[in-house]
Every structure is written in C-alpha cells, then in structure tokens.
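Topology and contacts: notes
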Amino acid sequence: MKAVRSLFSRPRFAMGLVAVLVAVDQTAKWAVEKYLPLQEMVDVLPVLALYHTQNPGIAFSMLSFVGEKWLIALMLLVIAFVAVLWAKSSPGRWMSQTGFAFIVAGAIGNLIDRSVNGYVIDYILVHTETWYFAVFNLADAFITVGAAAIIIDELFGKWIYKSDPAKTEKS
C-alpha cells in the first residue's frame, strides 16, 4: 500500500503558500497605511469596521514596554519553534500542515511590520454599539485560523483522515 502523500510533503508548495499569505497581509497593511487615516473608524458592516492603529506590543498591546529588539527576538524564536513543530509533523496531516503554514505566515507578516516600522499595523475592529474587541490584522487572523486548524486536527484527526496519518511516509 502506497503511503499518503500531501501537498505539504513538497516544500515548494508549503513555502509558496506562506509567501502568498505574507504578500496578502503586507498588501492589506500597505493599503491601510496609504488610504486609511490613523485612528479613524470606517464602518464596513454593523459589527465590523476598519480602524487604523499602530500596536507597539504583541496581542492586546502586551509587552509594549519590552522594546522593539526584544519583541523581534521573541517573534523569531516563536517562528523557529513553530517551524520545528511543522517539520516534525506528518505530511499526511494536511489540516495541521495548513495550520502551521498559516501561523508561520502570520508571524512573518507581523515580524516584517515590527522590523520595518517598529510597530505592527492593526486595522480590523469587531464591535457592537456597546462593546469593542481589540483591533487586529490579517496576520493575526492567519495565526488564529492556523491554531484552530491544528487543534481541530488533533481532536478530530482520526475521523478526518480515516486512517492513521502518523503512518504516512515523510518525503
């Protein structure tokens, strides 16, 4: 019986996906910087607005007091850690593989911002009339979607794959 082979067993595909996601993130941030005034809310839907802000920290502006160089170092460590987990995961587990690609792309997108600007460009605001969620960006959404994909794969993988994906061969 031939081992399951996923698109992620081909590094060019995986790195291509990361590159496309980073390009989409950076293009959106470029447009926000160019066309959306700083700290001005533009409603898109009753619960969704564009709100250009500059985040000097990480999620929810945490660690903004640490300094740019330390945050860049921390982001590089996180990217390296996720890349190691990704490399060790089975290529047949396409959902986890996709999740790792999304996490790495999101982290790289925010790392580019921090390295170039000294802050991360945030612009997506989910809100109601009386409640506002933290402002975030597409890279943050990629990280969240990636983490969700990995969790779903871990919880429901045996039903998703109908076989033991751990038995797939790494190529």
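Now for a quick tour of the structure.

Rules behind the numbers
Residues numbered from 1 in each chain as written. Predicted model: local features only at pLDDT ≥ 70, side-chain atom pairs only at ≥ 80, totals over all residues. Heavy atoms only, no water. Helix = DSSP H or I, 4+ residues; strand = E, 2+ residues; numbered from the N terminus. Expected span 1.5 Å × (residues − 1). Buried < 20%, exposed > 50% of the residue type's maximum accessible area, 1.4 Å probe, protein only. Arc of directions from axis to C-beta. Phe/Tyr/Trp six-rings, centres within 6.5 Å; stacked < 30°, edge-to-face > 60°. Pairing = 2+ DSSP bridges.

Attention now goes to helix α2 (residues 68-88). Given 3.6 residues per helical turn, the α-helix brings residues three or four places apart onto the same face. Taking 1.5 Å per residue, 21 residues should reach 30 Å; α2 reaches 30 Å between its end C-alpha atoms and fits that length. Looking at α2, one finds that the buried residues are Leu71, Ile72, Met75, Ile79, Val82 and Trp86. Buried positions in α2, seen along its axis, are confined to an arc of 100° and lie on one side of it. Those residues of α2 that are exposed and aimed more than 90 degrees away from the buried face are Lys69, Trp70, Leu77, Phe81, Ala87 and Lys88.

All right, on to the packing of aromatic side chains then. As enumerated under the stated definition, the model contains 4 aromatic pairs in all. Look at Trp30 and Tyr35: their rings are 6.0 Å apart centre to centre, the planes differ by 90°, and that puts the pair in the edge-to-face class. According to the relative accessible area criterion, Tyr35 is exposed, its value standing at 58%. With a centroid separation of 6.1 Å and 40° between ring planes, the pair formed by Trp131 and Phe133 is classed as tilted. You can call Trp131 partly exposed: its relative accessible area is 45%. Its relative accessible area of 37% is what places Phe133 among the partly exposed residues. Grouping aromatic residues by their ring pairs yields a cluster made of Trp131, Phe133 and Phe136.

Attention now goes to the pairing of strand β2 (residues 48-55). It is a general feature of regular strands that their side chains alternate between the two faces of the sheet. Bridge count between strand β1 (residues 41-45) and β2: 4 bridges; the pairing is antiparallel. If you follow Leu45 over to β2, its bridge partner there is Leu48. In this structure, the hairpin formed by β1 and β2 is closed by a connection of 2 residues. In this structure, β2 lies alongside strand β3 (residues 120-126), joined through 6 bridges in antiparallel fashion. Across the sheet, Leu50 pairs through a bridge with Ile124, a residue of β3.

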